[in-house]
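Reading the structure
Here is how the chains run, residue by residue.
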Amino acid sequence: MMEKVEILYVDDEVNNLLGFKANFRLDYIIHIASNTKEAEKILAENPNIRIIFCDQRMPDELGVDFLARVRKEYPRPIRILLTAYADMSVVIDAINRGNIFKFVRKPWINEDIISSIEEANKFYIATSLLDVRNEELQKAYDELDKFAYSISHDLRDPLTGVLSAITYALGYDKVKDIHELLKMMQGSILKLDQYIDSLRDYYLLRRGELLLKDIDFNEVANNLREFYQVSVERTQIDFKVEVDQPTNFKSDISLIELIMHNLLSNAFKYQREGEANKFIHVTIKVAKGIATIEVKDNGIGIPTEAKEEIFKLFYRASNQSQGMGFGLYNVNTALIKIKGTIQVESELGKGTKFTIQIPSK
Ligand code: ADP
């Protein structure tokens, strides 16, 4: 069923207000106000009002002045003036200035009101759609800008690294020296490889459909343990994954794996030098149709002022960042797709805890 259109009617004559409400309350949601102060209060409390009808001749403020004034704070509702013939020049002026959408002659008849509601509603829907599209376009533009910047820096730097390593290597004879340069090249190329992986995730997340399946978190945990085994052996980090899943859980496994891998690769990357007992602890609990996943580390932590920013594209919160700032952006996009949420608690120099909640489908 279509939602009922919400309308505000402002008139100092109580009889008109009551008549309006009686005539239209079955088809629309009607708010009435006998003065403009009251009308503003109603507008503030009811953000879904789409159409404002306002009488021109009111004792405390003229209708056109009121409509011109509320337009600044509430630009979205469509404004319609109710007025008699005598006020024509005022009406034309208000229409020309864009302060009102149209006028309806007083005393009004039902047919005029209904047709202007329909017309105004169509206009409202069209402009709302345009607003949404504009917002999306703006976002796409901003991201393109960031991409252009990121490609010229983040892709360039490792490439320059590889090129200069090659130049040096060509001048060396000893295998040992060349070996060292090869290691540097390997590091740079790994970085490029990660960048391209993240880029692929970025596009997959934009286009891909959800693929819902039963998820066995014990299996997910086993895969994670296996995947990070080499890193654990190399870094001696105490890496634990605990699962408590008494019931079935349905969601998109590839998105959940994407989220886990991004959080975990960060937890491994942002460890604190000199910390003797480095740890990364993961707990996964399923209860009441919600999976709560915690990823906790005692690494370098995130500065308070960066906690909101880290989910933005290409944002990096520390100089120790070896990444490109893609990961948490992709995590956030994946969570939006499966209707999950993410929270971060962190203290600089102490560690970080990400808490994720995902509803079962
Ligand atoms: P990056 O590729 O730079 O790691 P992310 O989007 O994954 O990008 O993370 C954004 C920033 O958030 C990182 O650059 C880092 O500064 C910070 N960050 C993310 N996870 C952690 C963590 N577990 N500990 C400390 N800092 C983190």
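Residues numbered from 1 in each chain as written. Predicted model: local features only at pLDDT ≥ 70, side-chain atom pairs only at ≥ 80, totals over all residues. Heavy atoms only, no water.

- The protein is annotated in an unreviewed UniProt entry as histidine kinase from Sphingobacterium litopenaei.

1. As for the overall build of the protein
- Regarding its fold elements, the protein presents 9 helices and 12 strands.
- For 361 residues, the compact-globule estimate of 2.2 N^0.38 gives 21 Å, and the protein exceeds it by more than 25% at 30 Å.
- In terms of principal-axis extent, the alpha carbons of the protein reach across some 100 × 55 × 35 Å.
- The buried share of the protein, reckoned over its 361 residues, is 40%.
- Long-range pairs, those at least 24 residues apart, make up 66% of the contacts in the protein between residues at least 6 apart in sequence.
- Accessible surface computed for the protein: about 21500 Å², of which carbon and sulfur atoms make up 54%. (Helix = DSSP H or I, 4+ residues; strand = E, 2+ residues; numbered from the N terminus. Rg over C-alpha atoms; globule rule 2.2 N^0.38 Å. Buried < 20%, exposed > 50% of the residue type's maximum accessible area, 1.4 Å probe, protein only. Contact = heavy atoms within 4.5 Å. Areas by Shrake-Rupley, 256 points an atom, 1.4 Å probe, with all protein chains shown as cover.)

2. Re unusual backbone geometry
- Cis peptide bonds are those with omega within 30 degrees of zero, and the linkage from lysine 106 to proline 107 qualifies with -10°.
- Its identity is not glycine, yet lysine 288 carries a phi of approximately 50°, on the positive side.
- Mapped onto the elements, lysine 288 comes out in the loop between strand 9 (279-287) and strand 10 (290-297).
- With relative accessibility at 86%, the residue lysine 288 sits in the exposed group.

3. Quick word on the UniProt feature "domain: Response regulatory" (unreviewed entry) in the protein
- The sites that UniProt annotates as "domain: Response regulatory" (unreviewed entry) are residues 6-121.
- Between the end C-alpha atoms of residues 6-121 the distance is 10 Å, and the span holds 46% helix and 23% strand. (UniProt positions renumbered as here; feature names shortened; annotations may be inferred.)

4. Observations concerning helix 7 (residues 217-235)
- Along its 19 residues, helix 7 runs 25 Å from first to last C-alpha, staying within 8% of the 27 Å computed at 1.5 Å per residue.
- Of all the bends in helix 7, the greatest measures close to 50° and is centred on glutamine 229.
- Regarding helix 7, the residues found buried are Phe217, Val220, Ala221, Leu224, Tyr228 and Ser231.
- Among the structural elements, strand 7 (238-244), helix 8 (253-269), strand 9 and strand 10 are those in contact with the buried residues of helix 7. (Expected span 1.5 Å × (residues − 1). Bend = angle between axes of the 7 residues up to and from the residue.)

5. Focus on the pairing of strand 12 (residues 351-359)
- With respect to burial, strand 12 is a largely interior element, 7 of its 9 residues being buried.
- Relative to strand 12, strand 10 runs antiparallel, the two being bridged by 8 bridges. Bridged to alanine 291 within strand 12 is isoleucine 358.
- In the sheet, strand 11 (residues 341-347) pairs with strand 12 via 7 bridges, with the strands oriented antiparallel. (Pairing = 2+ DSSP bridges.)

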